[in-house]
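# Summary of the model geometry
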Amino acid sequence: MTTLLNDIRYGWRGLRKRPLLTLTVAGTLALGLGANAAIFNVIDRLVLRPFPFADPDRVVMVSETGPGLDFKKETTSPANFLDWRAQADSLTALTAMAWWDANLLEKNDPERVQGYLVSADYFDALGVHPALGRGFVKDDETFGRHYVVVLSDALWKRRFDGDPSIVGRSITIDGQPYTVIGIAPPRFQFPDGSSLWAPLAFDPKTAPRRDARFLTVVGHLAPGRTFEEATSQMNVLAVRLAQQYPDANRDHGVHVYTLSQGMLDEGTGSILSMWQASAFVVLLIACANIANLLLARAAERRRDVAVRLALGASRGRIVRELLTESVLLACVAVPPAMGFAWAGLYLMRIAMPANIIRFVPGFESLGPDFRLLAFTLALAFLTACIFGILPAFQAARSRVAETLKEGGRSATGRQFLRRAIVVAEIAIALPLLVTAGLGVLGTNRFLNGPQGYDPDGLLTMKLVLPERKYPDDATRRRFIERAVQEVSTVAGVERASIANNLPATGGNSSRTIEIDGHPPADPKNPPSADNRLVTSGYLGVMRIPIQRGRGVTDADREDTAPVVVVSESMARKYWPDEDPIGRRVKIGGKDWVTVVGICGDVIQDWFMRRNAPTIYRPIAQAPSDYFGVVVRTAGDPTSAAAGVRAALLRVDPDQPVFDMMTMRRQLHERTIGLQYLASIMATFAILALILAAVGLYAVIAYFVAQRRHEIGLRMALGATGGDVVRLTIGQAFRLTVVGTAIGFALSLALARVMETALLGIATSDAKVFAAFAGVLMAAALLAGYIPARRAAAIDPMVALRAE
């Protein structure tokens, strides 16, 4: 212990003697540690601990698998869920959840509220107990007795002033009276930021269905049962159900996830992996820089080390002292690294739109904690070993006699090592720079590039008509017609229209199709198309071009011949050598409709539905109870927002209008994940670029200092300042070219990996690679030019006299 304390005192004294070196190393390392700490916190909060439940590791999600499904984690049907719940004894409190965003009417102020329909064991499965009142019981699942609701703590305080007497009272949801039976504990809003929960009660027609998959199932491992046992039992049940009900369950299986894994978005893993890898690259470059500085420092201390060795100090003692000094350097970097991490996490948190953050469990809790501090300390110790081990062994390997004879001048071998480190920095910085550049270009393309329609000047909003008030097509049709008429009269509104799903607003509707005159499709995997129900003029409001034929018009009524407009991609896919106009399509296995026009393709969603085959049907011929209203305005769309909302409330004062925003804002929020991906990658790339340039600067500056006498002699013999600059820049140029060439080859080799990590938003392009290689070379040569100018300013007489 005494020896260790002596080493610490010796190392601390050494750091205090070189404050500039200490601050430079600490600052460089803090950038790398801070970047890794921030990403670790994101992974910890979003992947490892997203839910604040009492026993989250024993809560599981059960999902279906099968052919032709869009996602790996699929929902299940009511009948399958009921069979699972009755037969799976390895899981307790198996519960199903169904999306339920509802219209809450309180004090004549309608509001769209996010909720979920859940089974009776929902709160037990999650280990949560209502803070007030009670949760659900089996009797609440009985259809007809299911009009009870549990409110979230936030909704209770916001809309009901935290009045405890609300329990037992009736409130109006979707036009139906519901009795409040409980208040959830504070901060509990699982899933998706839910504000209320009601019992999931199947009516007699829904309960036996196995072909309608819309339930998310979670459960709790039974006492003494393991995750593997639950997985095995659920697989057995899946095989049994496939044998008993082959029409609905053939080739369908079951996968059991932990709740954290199950609720994680499929693209999140690759994004976080790329962020962590990028942060690690930044840390490696920082370590390389520090190692280079310490190698230079070790070269200066060679004579001191040689003297100590000559006096009897062991080489192990020298290594231990220098490593202790490196660890102290890393410890100095931890506080600023925590500061960088906190700042980065704070910026990430405030940049996320409030209506998006509820879909990202754990995002609200981003921020420093003891786990982050422990991780940063451990990483600092590891990096100290990485950047400190080489200089320590280099110093300890000094040949005593030769070093004392040289007087401490550096050897050629060490200069080669420092050059190699700089080359490595440049080489690993380029792939990171290219990946970030591709991410930024791809994000910008989806955000500001062609969408297939004109998003400028558009104001959008959503409405959902409750079944109790709008039970049939006639009532929905009347609301839609009046809504368009009222909104069209608002000052500033040029045109208004309605569609069941607007682009970039999330959600989708698709239908299986059958092409008249074509061979029957495989019934197990029928073709489908995106289904859009629109009012007349929708294509005009959106400025989606009509390529041939006509669009939907006012003449397309419920009592006229059913028609449809198809997108170009659908025409190409299903009528490659035919004229679709006048041909017929059967939609959803029910109605034959006639194609009357072909319109341009639209990017409905950047992630999954880019220029997907789409059909546009008159909403008058198939009224929907949920839809978006879109208006094109002459000026700023937000200036018409109040008038549009008032117009819709004139149609139905109990009907909430929600998610009102400009289409540009919709695009911004819909691509927020891409923007995060690009922004963080760009930040890492800029850090890598700066650190690589600083590394080259430090090496060239060191070389200039070491060759000061030689440069002075050259200038005394007639060399000009330009000759010295070319000599010095030549060194930087050679290092940069070698590093860039290796980095370019690495980028090409990792092209496919980069495309996958970027979720397919960008494709590899040699021109882009070359452009970013040029940026890296320019930055590196600029870093080398500064010490070159200093070398050219050396006074030969002073340099020679100093030697």
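Above this text is the structure in question.
Here's what I pulled together on the structure shown here. Positions within a chain are numbered from 1, following the residues in the order the chain's sequence is written. Thresholds applied to this predicted model are a pLDDT of at least 70 for local features of residues and 80 or more for the giving and counting of side-chain atom pairs; totals over whole chains, interfaces and linings are not thresholded and use all residues. Heavy atoms throughout the structure, all of them, feed into the side-chain values; hydrogens and water do not.

## Brief notes about the overall build of the protein chain
Of the regular secondary structure elements, the protein chain holds 26 helices and 25 strands. Judged by the C-alpha coordinates and their principal axes, the protein chain covers about 105 × 65 × 55 Å. Taking all 803 residues of the protein chain together, the buried fraction comes to 52%. The contacts in the protein chain between residues at least 6 apart in sequence include a share of 82% that link residues at least 24 apart. Helix and strand definitions follow DSSP, with helices as H or I runs of at least four residues and strands as E runs of at least two, each counted in order from the N terminus. Three exposure classes are used, based on accessible area relative to the maximum for each residue type with a 1.4 Å probe and protein chains only: buried under 20%, partly exposed in between, and exposed over 50%. Contact definition: two residues touch when any of their heavy atoms are within 4.5 Å.

## Observations regarding the layout of surface pockets
Using a 1 Å grid laid over the protein atoms alone, points where a 1.4 Å probe fits but cannot get out form a cavity; open sets with protein on both sides within 12 Å along at least 5 of 7 lines form a pocket; any residue with an atom within 4 Å of a point counts as lining. Grid points are joined across faces, edges and corners, and a volume is the space filled by probe spheres set on the points. Counted as a void, the second largest pocket has a volume near 860 Å³. Pro-50, Pro-52, Arg-187, Gln-189 and Glu-364 are the residues nearest the centre of the second largest pocket, which is lined by 33 residues in total. Counting residues per element, the ones that place at least two in the lining of the second largest pocket are α5 (153-160) and α12 (354-357). Gly counts as polar in this scheme, as do all residues outside two lists: the nonpolar Ala, Val, Leu, Ile, Met, Phe, Trp, Tyr, Cys and Pro, and the charged Asp, Glu, Lys and Arg. A class-by-class count of the residues in the lining of the second largest pocket yields 20 nonpolar, six polar and seven charged.

## Notes on the packing of aromatic side chains
Only the six-membered ring of Trp is used, alongside the rings of Phe and Tyr, when aromatic pairs are assigned; centres must lie within 6.5 Å, and planes under 30 degrees apart are stacked while those over 60 apart are edge-to-face, with the rest tilted. This model, assessed by the stated rule, comprises 22 aromatic pairs. Their ring planes at 90 degrees and their centres at 5.1 Å tell us that Phe-51 and Phe-190 sit as a pair that is edge-to-face. Of this pair, Phe-51 sits in the loop between α2 (19-48) and β1 (59-65) while Phe-190 sits in the loop between β9 (176-183) and β10 (196-199); the two residues are 139 residues apart in sequence, bridging distant segments of the chain. Summarising the burial analysis for this pair, Phe-51 and Phe-190 share the class buried. Ring centres of Phe-363 and Tyr-676 lie 6.0 Å apart, and the angle between their planes is 85 degrees; on these two criteria the pair is classed as edge-to-face. In this pair, Phe-363 is assigned in the loop between α12 and α13 (370-396) and Tyr-676 in helix α21 (residues 672-706), connecting sequence segments 313 residues apart. Owing to a relative accessible area of 9%, Tyr-676 belongs among the buried residues under this scheme. Taken together, Phe-51, Phe-53, Tyr-122, Phe-123, Phe-136, Phe-188, Phe-190 and Trp-197 form an aromatic cluster joined through their ring pairs. The rule for a charge over a ring is simple: NZ of Lys or CZ of Arg within 6 Å of the ring centre, and within 35 degrees of the ring normal. Directly above the ring of Tyr-245 sits Arg-210, whose terminal nitrogen or CZ lies 3.5 Å from the centroid.

## What to know about the state of the cysteines
Here, the term disulfide refers to a pair of cysteine sulfur atoms separated by no more than 2.5 Å. Under the definition given, this model contains zero disulfides. With no disulfide of its own, Cys-331 lies closest to Cys-385 among cysteine sulfurs, the gap being 11 Å.

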